[in-house]
Amino acid sequence: MGAFGFQPITLEGTVSLDADEAVVRWLPTEVTRAVVGQQLFAVLAEPVRCHLVLWLPAVGDVPGTDLRTWFRLRAG
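Conventions used here
Each chain carries its own residue numbering, running from 1 in the written order of its sequence. Local features in a predicted model are, by the rule used here, given only for residues with pLDDT of at least 70; side-chain atom pairs are given and counted only at 80 or more, and totals for whole chains, interfaces and linings are based on all residues. Hydrogens are left out, water is left out, and the side-chain values use all remaining heavy atoms of the structure. Only buried residues count toward a nonpolar core, which is a set of Ala, Val, Leu, Ile, Met, Phe, Trp, Tyr and Cys residues joined through side-chain atoms within 4.5 Å. For the exposure calls, accessible area comes from a 1.4 Å probe over protein chains only, and a residue counts as buried if that area is under 20% of its type's maximum, exposed if over 50%, partly exposed in between. Secondary structure counts use DSSP, requiring at least four H or I residues in a row for a helix and at least two E residues in a row for a strand, with both numbered from the N terminus. Contact between two residues is taken to exist if any of their heavy atoms lie within 4.5 Å; hydrogens are not considered. Between the first and last residue of a helix there are one fewer steps than residues, each counted as 1.5 Å, and that sum is the expected span. Across the chain, bend at a residue is computed as the angle between axes fitted to the seven residues ending at that point and the seven starting from it. Salt-bridge detection follows one rule: a side-chain nitrogen of Lys or Arg within 4 Å of a carboxyl oxygen of Asp or Glu. Residues adjacent in sequence count toward polar contacts only when both atoms are side-chain atoms; beyond that, a polar contact is any pair of N or O atoms within 3.5 Å, and within protein one must be able to donate a hydrogen and the other to accept it.

A. How the structure looks around the nonpolar core. By size, the foremost hydrophobic cluster in this structure holds 5 residues: Val 36, Leu 40, Phe 41, Val 48 and Cys 50. At the level of elements, α1 (30-43) and β3 (48-56) are the ones that each hand at least two residues to this core. No other element matches the 3 residues that α1 contributes to this core. Apart from the residues lying within four places of it in its own chain, the contact partners of Val 36 are Leu 11, Phe 41 and Leu 73.

Now the structure itself:
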């Protein structure tokens, strides 16, 4: 069976930017890690197709933007 719908979920964590490496890092909270690692895969078949959206605020004269990407999440 293919996809039949979607449910947006906000996953709490800490986001940091390493400008020297041009890397955005996201570290989940303990609760987020537990839910994704223990409960999510108990009810959903793998892999889970995810759509990540990061909103980046305006800084000075540089307008804000967002970063969007799709990925598949597997238990690990």
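B. Spotlight on α1. Given a rise of 1.5 Å per residue, 14 residues ought to cover 20 Å, and the 20 Å separating the end C-alpha atoms of α1 matches this to within 8%. The axis of α1 is deflected most strongly, by about 35°, at Val 36. Burial in α1 covers these residues: Thr 32, Val 36, Leu 40 and Phe 41. If you follow the buried residues of α1, they end up packed against β2 (23-28), β3 and β4 (65-73).

C. The pattern of salt bridges, seen in detail. By the definition in use, this model includes 3 salt bridges. Arg 25 is the salt-bridge partner of Asp 18, the closest N and O atoms lying 3.5 Å from each other. Judged by its relative accessible area of 39%, Arg 25 falls in the partly exposed class. In this structure, Arg 68 engages Asp 66 in a salt bridge whose closest nitrogen and oxygen atoms are separated by 3.2 Å. Since its relative accessible area comes to 48%, Arg 68 is described here as partly exposed. Asp 66 gets classed as partly exposed once you look at its relative accessible area, which sits at 30%.

D. Representation of the side chain of Thr 32. Mapped onto the fold, Thr 32 is located in helix α1. A distance of 2.9 Å separates a polar side-chain atom of Thr 32 from the backbone oxygen of Glu 12. Residue contacts for Thr 32: discarding those within four places in its chain leaves Leu 11, Glu 12 and Trp 26.

E. Examining the environment of Ala 22 more closely. Within the secondary structure, Ala 22 sits in the loop between β1 (13-18) and β2. The spacing of Ala 22 and Pro 63 is 41 residues in sequence and 18 Å in space, taken between C-alpha atoms.

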